[in-house]
Structure formats: C-alpha cells, structure tokens
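Structural features, examined
Read off the chains here:
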Amino acid sequence: MTTIVVTGGTGTLGRLVVERLTADGHDVRVLSRHSRPYAVDLRAGGPGLDTALDGVDTVVHCATAPRGDEDAARRLIAAARRAGIGHLVYISIVGVDRVPLGYYRTKLAVERLVEESGLGWTVLRTTQFHDLILSLVRGAARLPVMPVPSGISSQPIEAAEAADRLAELATAAPAGRVPDMGGPEALSFGEFAELYLRASGRRRLRVPLPLPGRVARALREGGNLTPERAVGKGTFAEFLARTEHARPSAR
C-alpha cells in the first residue's frame, strides 16, 4: 500500500478518488483549502504544502479553479520535486487542444507543465461529467422559455467512473498520456433538455439558440467529443433517475 495525496480531495471528483483509494487500503491525504490537517491553497503555496507531501509516493491532482490553475500546478510540481514524489497523476478534459475556451487553454498549459516536470507522470483526459450537463439544463429550465444551444452535443461520463480510472492509474507506474475516457453516448443539448424536463416533471417551451464565435464552432465540429473512446457505462438518463427522483415536480 502507498501514501497518496489527492488535491481537491473534497470536490466532486476528488472525494470519489479518495473513497476508492481508501477502500483499497492506501494511506490517503486530502489536500484542499479547508481540509485538516492538510489545508493548503495551492495558488498561495506555503510550508503546509511541503508538510502534506512529506513521505508521499503519488499525487493525484484533481484541484481546479476558474483562475490560478497554472500557478497552483507550478507550486505543486516544485514541492513534489523537493519531496521526491515518484508519480504525478493529472485529470484533464477531452478537447483542451481543440476548443479555444480559456479554461481549456489553462488545462492544456497545466498538462504541459506536468509533462515537463521531470517527475513520473500520467495524464487522463475525460469528457465532462453528468453533473455539469445537469447544472446547465437545470439553469436553463429556470427561465419561462428554455434556450437550447443549436448544433452542439456533449458526451458526459459518470464522475465515479473517472474516479475509478484515476485510482487505478495512481496505483500503477507512470504511463504518460493515457487513452481518453468518454461517456457512452453523445447527445445534443436538445436531447439533454428533453431528458431533464421529463425526469423533473417540468414543462418548458424550448427555443433553439444559435451561438456565435470560435468556441461554439469548435463545439459544433465535435471538438469536445471522443466517439472512438466511448468507454463509460452510465448514461445521462440513468444519472437523472438518481438525482431527480426525489426532487418535487416544478411545472
């Protein structure tokens, strides 16, 4: 059994990775801004980071934020070098090299930092999680008329399946860039909206919303998809059945 740090270990993905690794008997340290005893803001660094990495074999880097991810990665990598970490595992997103979204560019930049770190490394790209798609369609359904982006599809995957794969990679040898993970099906946002409305008992008039710009064009071209790596099992409909079943109907 090994000692493993999971950054962002209280987040949607990180907490699932922590659960998997702990269940397998590993010594897991949760590193996040508010988790004790390893409460560290990676964007600020500080001596607590060195303490968290002391005696650690592997780091699984799940922490992310709208801003500051590159600085956080640089501080984490520097501390990992000082600690003699043997393996750094990073979770990224399918399409970071094809969709010119600011957040995606940052994820790609962090990938490069990991690759050039001098550490043993593994990078896994997955498609977006079901949770994100749900937040988008749920937010749109709060309006009297539900806008639906035209011509754009997504291929979401269960966060738990991504966590299983990360836990597997964390306990193996560094593997570089491993094959992507995509969800079992790519659906249009119109189809996601229909599934959500049916599961939540809502009724909304859906209106196609053409989106301009380079990001929308890249999405319409499927830059966020990986149909050849549709290895996920859980569908969005199954995810909705779990998350919406206990919610009251809001018509």
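Preceding block: the structure.
The structure reproduced in this document is the subject of the present report. Since we're looking at a predicted model, the values are computed, not measured. (Residues numbered from 1 in each chain as written. Predicted model: local features only at pLDDT ≥ 70, side-chain atom pairs only at ≥ 80, totals over all residues. Heavy atoms only, no water.)

Now for the sheet that holds strand β1 (residues 3–7). In spatial order, the strands read β2-β1-β3-β4-β5-β8; together these 6 strands make up an open sheet with parallel pairing. At either margin of the open sheet sits one strand with a lone partner, and together these are β2 (27–31) and β8 (176–177). Where strand β5 (residues 121–126) meets β8, 2 bridges bridge the pair, whose relative direction is parallel. Residue pairing across strands places Val-123 opposite Arg-177, the latter belonging to β8. Together, β1, β2 and β3 (58–61) form the strand contacts of helix α1 (residues 14–23), whose direction differs from that of β1 by roughly 165°. Helix α6 (residues 159–170) rests against β3, β4 (87–93) and β5 of the sheet, and its axis sits at about 155° to β4. (Pairing = 2+ DSSP bridges. Helix = DSSP H or I, 4+ residues; strand = E, 2+ residues; numbered from the N terminus. Contact = heavy atoms within 4.5 Å. Axes fitted to C-alpha atoms, helices over the stretch in contact; angles between N-to-C directions.)

Further remarks concern the pattern of salt bridges. Taken as a whole, this structure holds 12 salt bridges when the rule is applied. Salt-bridge contacts for Arg-20 lead to Glu-19; the nearest nitrogen and oxygen are separated by 3.8 Å. Salt bridges sharing common partners tie together Glu-19, Arg-20 and Asp-164. (Salt bridge = Lys/Arg side-chain N within 4 Å of Asp/Glu carboxyl O.)

Of all the 6 residues making up β5, 5 are buried; the element is thus mostly covered by neighbouring parts of the structure. Summarising the sheet, β4 and β5 pair through 6 bridges and their orientation is parallel. Directly across from Ile-91, in β5, lies its bridge partner Leu-124. For the handedness criterion, the β-α-β arrangement of β4, helix α4 (residues 102–115) and β5 is classed as right-handed. (Buried < 20%, exposed > 50% of the residue type's maximum accessible area, 1.4 Å probe, protein only. Right-handed = clockwise from strand over helix to strand, strands pointing away.)

Another aspect to go through is the pairing of β2. With 5 bridges connecting them, β1 and β2 associate as parallel partners. Residue pairing in the sheet places Thr-3 in a bridge with Asp-27 of β2. Read from β1 through α1 to β2, the crossover connection turns out right-handed.

This part is about α6. For α6, spanning 12 residues, the distance from its first C-alpha to its last is 16 Å, which sits close to the expected 16 Å at 1.5 Å a residue. Ala-159, Glu-161, Ala-162, Ala-163, Leu-166, Ala-167, Leu-169 and Ala-170 are the residues of α6 that are buried. Here the buried face of α6 lies against α1, β3, β4, β5 and α5 (130–140). (Expected span 1.5 Å × (residues − 1).)

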